[in-house]
Amino acid sequence: MKAPALLVLLAVPAAFAAADAPPPAPEPYIEVNGVPVPLPPSGEDVPAAVPVEEIERIARIAMGVGTNVVLRSSDDGVRVLAPDLPPADRAVLLGFATDLRDALEAKLGVRGASPDEARHASFRTDDCRLLVSCVADAAGTNAPARIETRFDPHRPGRSWQIPLVATVSNPENGLDPHVLAERIVRGWIDLKVLTLAWSAAGAGRPAAAGPTPFPAWFGTGLARSLDPATRQADFDCVRDALFGGRVPPLPALLAADAPAPSADPALAAQLVEFWVSFPECPRRFGALCRALAGGRPWSPELFLATSIRKTDAFAADADFSAWMQRRASRILTPGETTDSFVGRTFVAMQLFPGRDGVPEGISDAPLPLERLLEPDAREWAPAAARALKAEILHRAIGRGDAFRAACDRFAAFFDEAAKPKPSLGTAIPLLREARALLDAAAEDGEAE
């Protein structure tokens, strides 16, 4: 495989934590006699002075495998074993996995939490170490990429053992980084449950029915929520469906096998974001994992008890709708303007009776902005124009260039409309240009 191939696949999704500005990925290294040795920039796997036999011995001690060099994160919590990949691609895989772990911990509130609280959602313990192993498929190099995960929980006296192994076959043949992220995240959170169940069993408190895994949609949604590139489009899609009456009530969405979030990763991501949004997330995540480790079945009641802390399903449904409405004003993917947001902006750029200084009895329906320019509107038009200018400039924050250009034209129109005697020859062309630019914001590729 050529070195740039996997770099292209993983470099953009490696920004999982970019919106939260995580620390840079650690440099890969090997250990020689207990001393970390950085890999050289020349592209060689190991320094020429290190005997091959020594490398083989280190690999066997570190991984229990043969003669392959293992790349490790600085805390040894993430390792990459990919002997058939170029060094640059191995480094990309290591950075991808460590960025993913940073983003996962940030999403669950570890960053900034006290040590006592952060430990509930930390994935930097021996029990949560990860190995990404890349292999060539026996079916041949033309076989598509495939990802499999397995658990091997830590046992006392076997400190080298890797609890979570993600085996990637033929990574150069269409490896989907989102699928890789999903499998790893699902593995990490299920491993938390298994580890707690193992600890309880070792302490003589085994679960009567065995541990319960997280629903597949929860892991999928959690992984999806970590990628800033999909957040805005996912939210806008689900918001439109929710307020269009095309999403079932919240209690129907939360069962372990609920069909809607199981089939729609964007919807699953919003449910997870809702769960995460409440205070003391690390502590709540720990409580959720302990409940599952103790054999408690997953249920809508468990989701609500560990998040919103309400038992009334109808009240919870109303809270979810209100949360979705508040979230509409947030910048979820900087620089992106979706079709949905453009459409909502067109609706907002009207005159609504009783709002923004527009008289209540002036009409039974929204009026076009041209009404601000009419002589009989001079008493209320300046205040309404100033309010709408503030609204459109607020909407421009964090959006794409074409959308912000449209907002600038709307703002210029409102400046003219706020004058005691606005010029129609100035205002009307500004308004036409603003509307045309707003159309272009969706057509120029800012909206997906």
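Rules used throughout
- Residues numbered from 1 in each chain as written.
- Predicted model: local features only at pLDDT ≥ 70, side-chain atom pairs only at ≥ 80, totals over all residues.
- Heavy atoms only, no water.
- Salt bridge = Lys/Arg side-chain N within 4 Å of Asp/Glu carboxyl O.
- Helix = DSSP H or I, 4+ residues; strand = E, 2+ residues; numbered from the N terminus.
- Buried < 20%, exposed > 50% of the residue type's maximum accessible area, 1.4 Å probe, protein only.
- Expected span 1.5 Å × (residues − 1).
- Arc of directions from axis to C-beta.
- Contact = heavy atoms within 4.5 Å.
- 1 Å grid on protein atoms, 1.4 Å probe; cavity = no way out; pocket = protein on both sides within 12 Å on 5 of 7 lines; lining within 4 Å.
- Points joined across faces, edges and corners; volume = space filled by probe spheres on them.
- Nonpolar A, V, L, I, M, F, W, Y, C, P; charged D, E, K, R; others polar.
- Core = buried A, V, L, I, M, F, W, Y, C linked by side-chain atoms within 4.5 Å.
- Pairing = 2+ DSSP bridges.
- Axes fitted to C-alpha atoms, helices over the stretch in contact; angles between N-to-C directions.
- pLDDT = per-residue confidence, 0-100.
- Parallel < 35°, antiparallel > 145°, perpendicular 65-115°, else oblique.

**Student:** Is there a simple way to think about the pattern of salt bridges in this case?
**Tutor:** On inspection of all chains with the given rule, the structure shows 27 salt bridges. Between E105 and R124 there is a salt bridge whose closest N-O contact spans 2.7 Å. Remark: R124 occurs in the loop between α4 (115-118) and β5 (130-135) and E105 occurs in helix α3 (residues 87-107); sequence separation between them is 19 residues. Given a relative accessible area of 5%, E105 falls into the buried group.

**Student:** Just to check I follow, could you spell out helix α15 (residues 381-396) for this structure?
**Tutor:** Each turn of an α-helix holds 3.6 residues, which means side chains three or four residues apart point in the same direction. Under the 1.5 Å per step criterion, the end-to-end length of α15 is 22 Å for 16 residues, consistent within 8% with the ideal 22 Å. Of all the positions in α15, only A381, P382, A384, A385, L388, I392, R395 and A396 are classed as buried. For α15, the arc enclosing every buried residue in end-on projection is 155°, short of the 170-degree limit, so these residues lie on one face. Those residues of α15 that are buried lie in contact with α14 (339-348) and α16 (401-417). After α15 finishes, the residue G398 shows a positive phi value of roughly 80°.

**Student:** Explanation requested: empty space enclosed by the protein in the structure shown.
**Tutor:** Empty space among the atoms can be located by rolling a probe the size of a water molecule over them. A complete count under the given rule lists two cavities of 30 Å³ or more for this structure. One number sums up the size of the second largest cavity: a volume of about 40 Å³. What lines the second largest cavity is simply R224, S225, T230, R231, D234, A269, Q270, E273 and R327. If you list the elements that add at least two residues to the lining of the second largest cavity, you get α6 (216-225), α7 (228-243) and α10 (265-276).

**Student:** When you look at the layout of surface pockets in this model, what are you seeing that I'm missing?
**Tutor:** Counted as a void, the largest pocket has a volume near 370 Å³. Elements with a contribution of two residues or more to the lining of the largest pocket: α14 and α15. Considered class by class, the residues forming the lining of the largest pocket number eight nonpolar, three polar and seven charged.

**Student:** Mind showing me how you'd approach the environment of L431 here?
**Tutor:** Secondary-structure assignment places L431 in helix α17 (residues 424-446). Once the C-alpha coordinates of L431 and L369 are considered, the two residues, 62 residues apart in sequence, prove to be 8.3 Å apart. In this view, L431 contacts L369, E370, F410 and F413; residues no more than four positions away in its chain are not counted.

**Student:** Which parts of the structure should I look at to understand the nonpolar core?
**Tutor:** Inside soluble globular proteins, nonpolar side chains tend to come together where they are buried. Counting residues in hydrophobic clusters, the biggest one holds 75 residues, and the most contacted among them are F214 and F218. Looking at which element gives the most residues to this core, the answer is helix α5 (residues 177-202), with nine residues. The next biggest cluster of nonpolar side chains, apart from the first, holds 35 residues, and it includes F410, F413, L430 and A442.

**Student:** Which parts of the structure should I look at to understand the sheet that holds strand β6 (residues 146-151)?
**Tutor:** Think of a sheet as strands paired side by side through backbone hydrogen bonds, with each pair either parallel or antiparallel. Ordered in space as β3-β4-β5-β7-β6, the five strands form an open sheet in which the pairing is mixed. Edge positions in the open sheet fall to β3 (70-72) and β6, since each of these has one partner strand only. Within this sheet the neighbouring strands show an average axis-to-axis angle of 20°, counted without direction. Each of β3, β4 (78-81) and β5 is contacted by α3, which is oriented at about 155° to β4, the strand it contacts most.

**Student:** Looking at this structure, I do not really get the confidence of the model for the protein chain. What am I missing?
**Tutor:** Predicted coordinates in regions of low pLDDT should not be interpreted in detail. Here the protein chain averages 84 in pLDDT, while 79% of its residues score no lower than 70. Counted against residues more than four places away or in other chains, residues 21-48, with its pLDDT under 50, gives 54 contacts. Across residues 56-67, confidence stays below pLDDT 50; counting only partners more than four residues off in sequence or on other chains, it has 23 contacts.

**Student:** Got a minute to help me understand the packing of α6 against α10 in this structure?
**Tutor:** A pair of packed helices is characterised by two quantities: the angle between their axes and the separation of those axes. The N-to-C vectors of α6 and α10 enclose an angle of 85°; their axes lie 7 Å apart at closest approach. By the criterion of interaxial angle, the relationship of α6 to α10 is roughly perpendicular. On α10, the residues touching W217, F218, T220, G221, L222, R224 and S225 of α6 are P265, A268, A269, L271, V272, E273 and W275. Looking at the contact of α6 with α10 residue by residue, the classes come out as nine nonpolar, three polar and two charged.

**Student:** What exactly am I supposed to notice about unusual backbone geometry here?
**Tutor:** Note: most peptide bonds trans; most residues except glycine with negative phi. Of note, D76 is a non-glycine position whose phi angle comes to about 70°, a positive value. Within the element layout of this structure, D76 appears in the loop between β3 and β4. Look at D76 and you get buried, because its relative accessible area is 17%. Phi at N170 takes a positive value of approximately 50°, unusual for a residue other than glycine. Looking at the element boundaries, N170 is found in the loop between β7 (164-169) and α5.

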